[in-house]
4 protein chains.
Amino acid sequence: MAGNTFGKIFKLTTFGESHGPAIGGIIDGCPAGLQLDLEAIQTELNRRKPGQSAIVTQRKEPDAVQFYSGIFEGETTGTPIGFVIHNSNQKSKDYSHIKDTFRPSHADFTYTEKYGVRDYRGGGRSSARETASRVVAGAIAKQLLKDIEVIAYVNSVGKIGLNKTYQEVDFSEIEKNPVRCPDAAKAQEMEAYIKQIRSEGDTVGGTVCGVIRNVPVGLGEPVFDKLHAELGKAMLSINAVKGFEYGSGFSGTVLKGSEHNDLFNEDGSTQTNLSGGIQGGISNGMDIYFTVAFKPVATIMQNQETINSKGEKVAMQGKGRHDPCVVPRAVPIVEAMAALTITDFMLQNTASKL
Amino acid sequence: MAGNTFGKIFKLTTFGESHGPAIGGIIDGCPAGLQLDLEAIQTELNRRKPGQSAIVTQRKEPDAVQFYSGIFEGETTGTPIGFVIHNSNQKSKDYSHIKDTFRPSHADFTYTEKYGVRDYRGGGRSSARETASRVVAGAIAKQLLKDIEVIAYVNSVGKIGLNKTYQEVDFSEIEKNPVRCPDAAKAQEMEAYIKQIRSEGDTVGGTVCGVIRNVPVGLGEPVFDKLHAELGKAMLSINAVKGFEYGSGFSGTVLKGSEHNDLFNEDGSTQTNLSGGIQGGISNGMDIYFTVAFKPVATIMQNQETINSKGEKVAMQGKGRHDPCVVPRAVPIVEAMAALTITDFMLQNTASKL
Amino acid sequence: MAGNTFGKIFKLTTFGESHGPAIGGIIDGCPAGLQLDLEAIQTELNRRKPGQSAIVTQRKEPDAVQFYSGIFEGETTGTPIGFVIHNSNQKSKDYSHIKDTFRPSHADFTYTEKYGVRDYRGGGRSSARETASRVVAGAIAKQLLKDIEVIAYVNSVGKIGLNKTYQEVDFSEIEKNPVRCPDAAKAQEMEAYIKQIRSEGDTVGGTVCGVIRNVPVGLGEPVFDKLHAELGKAMLSINAVKGFEYGSGFSGTVLKGSEHNDLFNEDGSTQTNLSGGIQGGISNGMDIYFTVAFKPVATIMQNQETINSKGEKVAMQGKGRHDPCVVPRAVPIVEAMAALTITDFMLQNTASKL
Amino acid sequence: MAGNTFGKIFKLTTFGESHGPAIGGIIDGCPAGLQLDLEAIQTELNRRKPGQSAIVTQRKEPDAVQFYSGIFEGETTGTPIGFVIHNSNQKSKDYSHIKDTFRPSHADFTYTEKYGVRDYRGGGRSSARETASRVVAGAIAKQLLKDIEVIAYVNSVGKIGLNKTYQEVDFSEIEKNPVRCPDAAKAQEMEAYIKQIRSEGDTVGGTVCGVIRNVPVGLGEPVFDKLHAELGKAMLSINAVKGFEYGSGFSGTVLKGSEHNDLFNEDGSTQTNLSGGIQGGISNGMDIYFTVAFKPVATIMQNQETINSKGEKVAMQGKGRHDPCVVPRAVPIVEAMAALTITDFMLQNTASKL
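The structure presented is a predicted model; accordingly, all values stated were derived computationally and were not measured.

Peer 1: Can you tell me about the overall build of chain A, naming the residues and giving the values?
Peer 2: In terms of helices and strands, chain A carries seven helices and 17 strands. Since a compact globule built from 354 residues should have a radius of gyration of about 20 Å, the 21 Å found for chain A is in line with a globular shape. When the backbone C-alpha atoms are referred to their principal axes, chain A occupies close to 65 × 50 × 40 Å. Evaluated residue by residue, chain A yields a buried proportion of 70% over its 354 residues. Looking at chain A as shown, the accessible area adds up to about 10700 Å², and 49% of this sits on carbon and sulfur atoms. A distance of 8 Å separates the average location of the 38 positive side-chain charges in chain A from that of its 40 negative side-chain charges.

Take a look at the structure:
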């Protein structure tokens, strides 16, 4: 019940705390016979890695993944893929100041209440460091997906929005700037803003858009496991996420049915795609697109008043190395979770009809 | 894998098509010893029932639930609760006109492609009629939750918004109008708008807000099964839902960390609640609140061009009895899914620590 | 967690007590496109039905199954198959004498302790009446299995054994006698013995053998979900079962490796089959065969001393209509559970390799 | 679906091949607040370790477990416990002779057919080396079980049987001899026989008995997840197991109901215990006892004819270091699987009634 597994057939189970000896996971249910590109997996990890640019946390971690099983002579064997990422940067003493302190809007209080005990070193299990394991599994999922493309990019940082639909941008621009916004001008504006926010010792939220192209018709399992329901859960399980919408999303609520309906072309495609590639919880072959809302990181470099485990008010100093804005590094995580979701539905769908 | 089960311990599995002989479900994992108020269950069903007011579909269904097992002398026995709601209104011939036609923005096309066959009578399994079974289970969940209150209400219809936070409204107003909006003036405005939309043969979307109060600290299972991730999935699994946000949601993305952090009071409660009652995926004892986006119903009383199963363009006449706006009847469904989610986490939490 | 679901992809969830209004279930995950032979399903139910011969319980139940969903124009649609069997014979007053009494070697005591409450009418949920739902699902599974044959027969009644291997008997004899033993002479002996046991107001145990033929290579999921592990669980979940063995079973433990190894033929088949058609938890294409041990039915028509819910010694009269020996009616149940197990593994195997 | 997870709440997922860099696993759902005795875990591993005595395989492996997460300052934290055992003895070249050869009664053929590819080094995933991970998790489960004792011992080796019930033996004798048979004289006889078998280059089967004492009333989840059904599955999932029986087992099938029924004492205990501590799938507080049948190890030091992957007959030489009889080392594995089963049911049972 402890919730560390994602997926039904292509199943990822993760372990690890931010300041323990290692994090890692087991992928069970990966079909045999997949020639793995290990370099591509490390490339995805590098996209999520701390220290990759001036606008992310400067914590240094090589984030090198080691595979322990499930791969033989470069190919998946159908047995579980165990992998480990050693934590090189375990400065546990950095965290003695928060041992008995509940940081505002962190999980310190809730973990302590739920479990009666907490690994207080840097967030422990609640740290987003855990998402590195997701990126490993997502990178393998991407290789299974072949022609199905999973793309994410930064859509807004604070109030600075891209203000373009995904059709209007050039995905090849995404990796050309540290913000991962596919618009050079906007990216610069966002980057400058993030630097300013950092200089204030503050943080800021943002949104990430995801697009999944070339999805075959038929993925998703009604009624509870609709494609967008699992995709939404996948996104909401990422640290700091506060909202999810797909297709027309919240803006679709103000439309009339006559405006919102996607009329068919003769080949089964649709003239518009307000449905976001999903009808009745099942992919219809059109692009799936969605937006994910990230709150500002709770760790700020400012003094805050908070409480300790005895319920006493204590002063708390901002300290440590943290992201001023999480969305640039969230991009590969969003992609990973989307890839895991789609892969699982693909494998589920092999048994849907005779 | 077919996705008709919700929950891990308190598990609901549903069956049934809109125009088959019956719909129903099995609740497995309900603890023994719960004195059931059967009338309260029927009351919830009546809140979802077609024909309940002038602004919803006029299809007539008594929606009377029959329990077949799991209850003895008024009390749950710990064995699975089987229940059935007979469909009284199976006018199958009404649907002959859509037998070979794929209605725009319905699941006709995707079901046919996924399964190779489709019960074309009125949406079959993809009909929101299935949600009656959820309301039955949710009503039982509510009785298990005792002091934990689950409340939902209509927050907007098209562009007409309530424009108040949940703290600013009086929940006792919700059931006083057919729209289920806790503001008499706004409700009237919404009602008039829905009637106008109907007279145009059109439909409109809207949003529903949910609030869960008196939640104990500690519910939710990191990392993948965070409370809000499961809650989001629960909501996104409801027909016509396009988005979900909780706490500060999408609007929280434009805030700074220094504005967004919820500072603690000495008792562990927080001064603000932008977190929405959840930190690190675990309830913190504050109110959980969220918003759900519903698209306009796809069935409109207007002529549309569409395609048939041979890929030929065909004209399609608007016909039948449908909701011009789904949100008034969605309120009890949102409550049911929220109650199921919280109940399941409560039962999961009994084994979290020694 | 309450354990009323069997299977991972082809999933059966059952409900119902022996003296409630109905029993039934939901099959989720049945592939679409299966033309169902409904008569064949009823035929299987009739093989399990009470009152079918002079050597089984004389309780009268038509055991007519009604399908509520998942089937359209005779074909499965991929949506959940809900079904119900109404209990016609609910003589609840028959059971007032055991309301506060714990019958020896029944589940009365354990249910009461576990759940704090018990439906005392005729065993309630612990009654083997529940297995009728398994037979319905198993009959559908058999139709999915097509060429894969699932056969069971009575191998012993008390000390009267068939003393032949499955290769030595003619399966077409099984249904020719009420015992379901594929040897006319032995069957008569067993029948006479059962009648004698009944006249003494007593009961007796026995064994049932199962054979699964034409199984493709590759079914079963190591390491925990080995084919024989799930098959064993399936059998052990049947009421009154005390043991399970497959292939060489317990008698294989006295052999040497040089005697036990199954040497290969050039086509991958084996010269002997002590492995029982399974190697490393995966089917190897040879016949799967197994034996299931059933204890004597606990309800005897003799007086016994027992205790009531207050822990007081009470005298208990044998009363009611019960099977003197369970194995003849267990045959279709064993087949059903075997069919469910194999079907589930077939569907799981669709995603094992690229 | 790939079956590498055991348990529903206390869940063990394992990974690793016999000749890969490491094996290991993740335990998810272990309650927080358990002070772990790490030495006791290593002690259990040592009981399973190769090379521990003259009658087991002489392969050398330190089998030292490393924990990567879920434990903080000696205590479980409620987060997943990741652990790894590095394989020190990876003499891969030893196995080149079987690269294209299917060993009789091994999983070589079935893995190759199922997955299209196989890690041929020493059995890969199908090797019993995987069970070391089970022993780690079982050792933690034992610490959770506190007063509930889980004991196993060797009951027979080939035709040499202990011929005593578990009540007649002294469990403190078990670890006093390398066979793990709680009868010094029989143990010597068995040991001599195993040595003789080894000198013949052969192997032999045997049986292991298990006893679980001080089990509270109420564990087990009817109807499919009966205590003995899961326990049987747990045992059948161990390499080389061919059968499982509990309580009166196969010998109970020849008894009459009047002989088999366990009459109650006034305190709810029973005068006899042919039920084996379980009624209706739920523990009744009496001792749970069972027997597990192990076939002879398939790897023999004799020449055998077999086939290669092209279906050609090839000669095969016996070679390598293997157990002449698996039961002495199986004892801690049986205990581990029993402990995992009971622990999971204990945690499941926390939500069975109000």
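Here the narrative resumes, following the displayed structure.
Peer 1: Account for the interface of chain A and chain B, with residues named and values stated.
Peer 2: Opposite the 109 residues of chain A that make contact, chain B presents 109 residues. At the boundary of chain A with chain B, total buried surface from both sides reaches about 8400 Å², with 59% on carbon and sulfur atoms. Looking at the side of chain A facing chain B, the largest losses of area belong to Lys-114, Phe-224 and Lys-242 of chain A, adding up to 11% of the total buried there. Applying the counting criterion to the chain A and chain B interface returns eight salt bridges. Looking at the side of chain A that touches chain B residue by residue, the class counts come to 39 nonpolar, 46 polar and 24 charged.

Peer 1: Explain the packing of aromatic side chains to me, using residue names and the numbers behind them.
Peer 2: Here the structure, examined in full by the defined rule, presents 50 aromatic pairs over all chains. Between Phe-102 of chain C and Phe-109 of chain C, the aromatic rings sit 5.6 Å apart at their centres with planes inclined by 75°, giving edge-to-face as the arrangement. Taken together, a centroid distance of 6.0 Å and an interplanar angle of 35° make the contact between Tyr-153 of chain C and Phe-171 of chain C tilted. Here Tyr-153 of chain C, found in strand S9 (residues 149-157), pairs with Phe-171 of chain C, found in the loop between strand S10 (160-161) and helix H4 (184-199); they are 18 residues apart in sequence, far enough to count as distant. A relative accessible area of 16% means that Phe-171 of chain C is categorised as buried. By way of ring pairs, the aromatic residues Phe-102 and Phe-109 of chain A together with Phe-264 of chain B are connected into one cluster.

Peer 1: Describe the sheet that holds strand S8 (residues 101-102) of chain B, listing the residues and the values that go with them.
Peer 2: Residues and elements named next belong to chain B. Spatially, the three strands line up as an open sheet ordered S8-S16-S17, and their pairing is antiparallel. Only two strands of the sheet have a single neighbouring strand rather than two, namely S8 and strand S17 (313-316). With four bridges joining them, strand S16 (residues 304-308) and S17 adopt antiparallel strand pairing. When the sheet's bridge partners are listed, Gln-304 is paired in S17 with Met-316.

Peer 1: Mind laying out the relation of the copies chain D and chain C, listing which residues take part and the relevant values?
Peer 2: Note on the copies: chain D fits chain C at an RMSD of 0.0 Å, the axial shift is 0.0 Å, and the rotation between them is 180°. The transformation just described matches what one would write down for a two-fold rotation axis. When you check the interface residues of chain D against chain C, 100% turn up at the interface there too, and the contact is symmetric in its surfaces.

Peer 1: Quick rundown of the relation of the copies chain A and chain B? Include the residues and the values.
Peer 2: Structural alignment of chain A on chain B gives an RMSD of 0.0 Å, achieved by rotating through 180° and translating 0.0 Å along the axis. The overlap is high: 100% of the interface residues of chain A also sit at the interface in chain B, so the same surface is used on both sides.

Peer 1: Mind laying out the pattern of salt bridges, listing which residues take part and the relevant values?
Peer 2: Summed over the entire model, instances satisfying the criterion amount to 104 salt bridges over all chains. One salt bridge in this structure joins Glu-191 of chain A and Lys-195 of chain A, with 3.3 Å as the shortest N-O distance. Residue Glu-191 of chain A and its partner Lys-195 of chain A are located together in helix H4 (residues 184-199), separated by four residues, close to a single helical turn. Arg-48 of chain C is paired through a salt bridge with Asp-63 of chain C; the nearest N and O atoms lie 3.5 Å apart.

Peer 1: Which residues make up the side chain of Thr-14 of chain D, and what values do they have?
Peer 2: In this fold, Thr-14 of chain D is placed in strand S2 (residues 11-15). When its relative accessible area of 0% is taken as the criterion, Thr-14 of chain D is described as buried. Here the side chain of Thr-14 of chain D touches Arg-125 of chain D through a polar contact of 2.7 Å, side chain to side chain. The residues touching Thr-14 of chain D, leaving out its near neighbours within four places in the chain, are Ile-26 and Pro-80 of chain A, Val-223 and Phe-224 of chain C together with Asn-4, Gly-24, Gly-25, Arg-125, Glu-130 and Ser-133 of chain D.

Peer 1: Break down helix H1 (residues 38-48) of chain D for me, citing the residues and quoting the values.
Peer 2: All names here are of chain D. Listing the buried residues of H1 in full gives Ile-41, Glu-44, Leu-45, Arg-47 and Arg-48. Taken end-on, H1 shows its buried residues confined to a sector of 155°, consistent with a single buried face. Two or three places before Glu-39, at the opening of H1, Asp-37 has a side-chain oxygen 3.1 Å from that residue's backbone nitrogen.

Peer 1: Kindly report on the packing of helix H3 (residues 131-145) of chain A against helix H7 (residues 327-348) of chain A, identifying the contributing residues and their values.
Peer 2: All names here are of chain A. Running from N to C, H3 and H7 cross one another at 50°; their axes reach a closest spacing of 7 Å. It follows that H3 is oblique to H7 by the angle criterion. For the pair H3 and H7, the sense of crossing is left-handed. Of the residues in H7, those touching H3 at Thr-131, Arg-134, Val-135, Ala-137, Gly-138, Ala-141, Lys-142, Leu-144 and Leu-145 are Pro-332, Ile-333, Glu-335, Ala-336, Met-337, Ala-339, Leu-340, Ile-342, Thr-343 and Met-346. Split into classes, the residues belonging to the contact of H3 with H7 amount to 13 nonpolar, three polar and three charged.

Peer 1: Account for the interface of chain D and chain C, naming residues and giving values.
Peer 2: Counting residues at the interface gives 109 residues for chain D and 109 residues for chain C. Between chain D and chain C, a total of about 8400 Å² is buried, with carbon and sulfur atoms accounting for 59% of that surface. Looking only at chain D, the three residues that lose the most surface to chain C are Lys-114, Phe-224 and Lys-242 of chain D, adding up to 11% of its buried area. Counting across the chain D and chain C interface gives eight salt bridges. At the boundary of chain D with chain C, the tally comes to 52 residue pairs in polar contact (both at pLDDT 80 or more). The pairing of strand S12 (residues 241-246) of chain C with strand S12 (residues 241-246) of chain D spans three bridges and is antiparallel. Each residue of the ladder has a partner; that of Phe-244 of chain C, found in S12 of chain D, is Phe-244 of chain D.

Peer 1: Could you give an account of the pairing of strand S12 (residues 241-246) of chain A, with specific residues and numbers?
Peer 2: All names here are of chain A. Counting buried positions over the six residues of S12 gives six, a clear majority of the element. As paired elements, S12 and strand S15 (residues 288-294) share five bridges and run antiparallel to each other. Residue pairing across strands places Glu-245 opposite Thr-291, the latter belonging to S15.

Peer 1: How would you summarise unusual backbone geometry if you had to cite specific residues and measurements?
Peer 2: Note that the residue after Pro-222 of chain A, namely Val-223 of chain A, is joined by a cis bond; omega there is 5°. Position of Val-223 of chain A relative to the elements: it lies in the loop between strand S11 (206-213) and helix H5 (227-236). Even without being glycine, Lys-146 of chain A reaches a positive phi, approximately 50°. Relative to the helices and strands, Lys-146 of chain A is located in the loop between H3 and strand S9 (149-157). Residue Arg-180 of chain C is not a glycine yet carries a positive backbone phi of 65°. Its location among the elements puts Arg-180 of chain C in the loop between S10 and H4. We classify Arg-180 of chain C as buried; its relative accessible area is 4%.

Peer 1: Provide a residue-level description of the state of the cysteines, including the pertinent values.
Peer 2: In the structure shown here, the tally under the stated rule is zero disulfides over all chains. Cys-325 of chain A carries a free sulfur, and the closest cysteine sulfur to it, the one in Cys-181 of chain A, is 11 Å from it.

Peer 1: Lay out the environment of Ala-229 of chain B with the relevant residues and their values.
Peer 2: Residue position: Ala-229 of chain B is located in helix H5 (residues 227-236). The spatial distance from the C-alpha of Ala-229 of chain B to the C-alpha of Gly-281 of chain B is 7.7 Å, given a sequence separation of 52 residues. Beyond its immediate sequence surroundings of up to four residues, Ala-229 of chain B is in contact with Lys-233, Leu-236 and Ser-237 of chain A together with Phe-224 of chain B.

Peer 1: Before we move on, could you go through the sheet that holds strand S16 (residues 304-308) of chain D and cite the residues and values that matter?
Peer 2: By way of backbone hydrogen bonds, the strands of a sheet pair with one another, either parallel or antiparallel. In spatial order, the strands read S8-S16-S17 (chain D); together these three strands make up an open sheet with antiparallel pairing. The open sheet is flanked by strand S8 (101-102) and strand S17 (313-316) of chain D, the only strands paired with a single partner.

Peer 1: Describe the environment of Gly-16 of chain B, naming the residues involved and giving the relevant values.
Peer 2: Its location among the elements puts Gly-16 of chain B in the loop between strand S2 (11-15) and strand S3 (22-28). Ignoring sequence-local partners within four residues, the contact set of Gly-16 of chain B consists of Ala-22, Ile-23 and Arg-125 of chain B together with Ser-69 of chain C.

Peer 1: Report on the pairing of strand S11 (residues 206-213) of chain C, specifying residues and quantitative values.
Peer 2: Residues and elements named next belong to chain C. With seven of its eight residues buried, S11 lies for the most part within the structure. Examined bridge by bridge, S9 and S11 share eight bridges and lie antiparallel to one another. In the sheet register, Ser-156 faces S11, and the bridge partner there is Thr-207. Pairing of S11 with strand S15 (residues 288-294) involves seven bridges; the strand directions are antiparallel. The residue bridging Val-211 from the neighbouring strand is Tyr-289, located in S15.

Peer 1: Before we move on, could you go through the packing of H1 of chain D against helix H3 (residues 131-145) of chain D and cite the residues and values that matter?
Peer 2: When two helices pack together, their arrangement is given by the angle between the helix axes and by the axis-to-axis distance. Residues and elements named next belong to chain D. Contact geometry for H1 and H3: axes closest at 9 Å, N-to-C directions at 140°. Our classification of the angle between H1 and H3 gives oblique. With respect to the hand of their crossing, H1 and H3 are arranged in right-handed fashion. Residues Ala-40, Ile-41, Glu-44, Leu-45, Arg-47 and Arg-48 of H1 lie in contact with H3, whose contacting residues are Thr-131, Ala-132, Val-135, Val-136, Ala-139, Ile-140, Lys-142 and Gln-143. Per-class residue counts for the contact of H1 with H3 are eight nonpolar, two polar and four charged.

Cut-offs and rules
Residues numbered from 1 in each chain as written. Chains lettered and ligands numbered in written order. Predicted model: local features only at pLDDT ≥ 70, side-chain atom pairs only at ≥ 80, totals over all residues. Heavy atoms only, no water. Helix = DSSP H or I, 4+ residues; strand = E, 2+ residues; numbered from the N terminus. Rg over C-alpha atoms; globule rule 2.2 N^0.38 Å. Buried < 20%, exposed > 50% of the residue type's maximum accessible area, 1.4 Å probe, protein only. Areas by Shrake-Rupley, 256 points an atom, 1.4 Å probe, with all protein chains shown as cover. Lys, Arg positive; Asp, Glu negative; His and termini not counted. Charge placed at Lys NZ, Arg CZ, Asp CG, Glu CD. Contact = heavy atoms within 4.5 Å. Buried area = accessible area lost by both parts, 1.4 Å probe. Salt bridge = Lys/Arg side-chain N within 4 Å of Asp/Glu carboxyl O. Nonpolar A, V, L, I, M, F, W, Y, C, P; charged D, E, K, R; others polar. Phe/Tyr/Trp six-rings, centres within 6.5 Å; stacked < 30°, edge-to-face > 60°. Pairing = 2+ DSSP bridges. Least-squares fit on C-alpha atoms with pLDDT ≥ 70 in both. Polar contact = N/O pair within 3.5 Å; in protein donor to acceptor, adjacent residues only side chain to side chain. Arc of directions from axis to C-beta. Axes fitted to C-alpha atoms, helices over the stretch in contact; angles between N-to-C directions. Parallel < 35°, antiparallel > 145°, perpendicular 65-115°, else oblique. Left-handed = near helix turned anticlockwise from the far one by under 90°. Disulfide = S-S within 2.5 Å.

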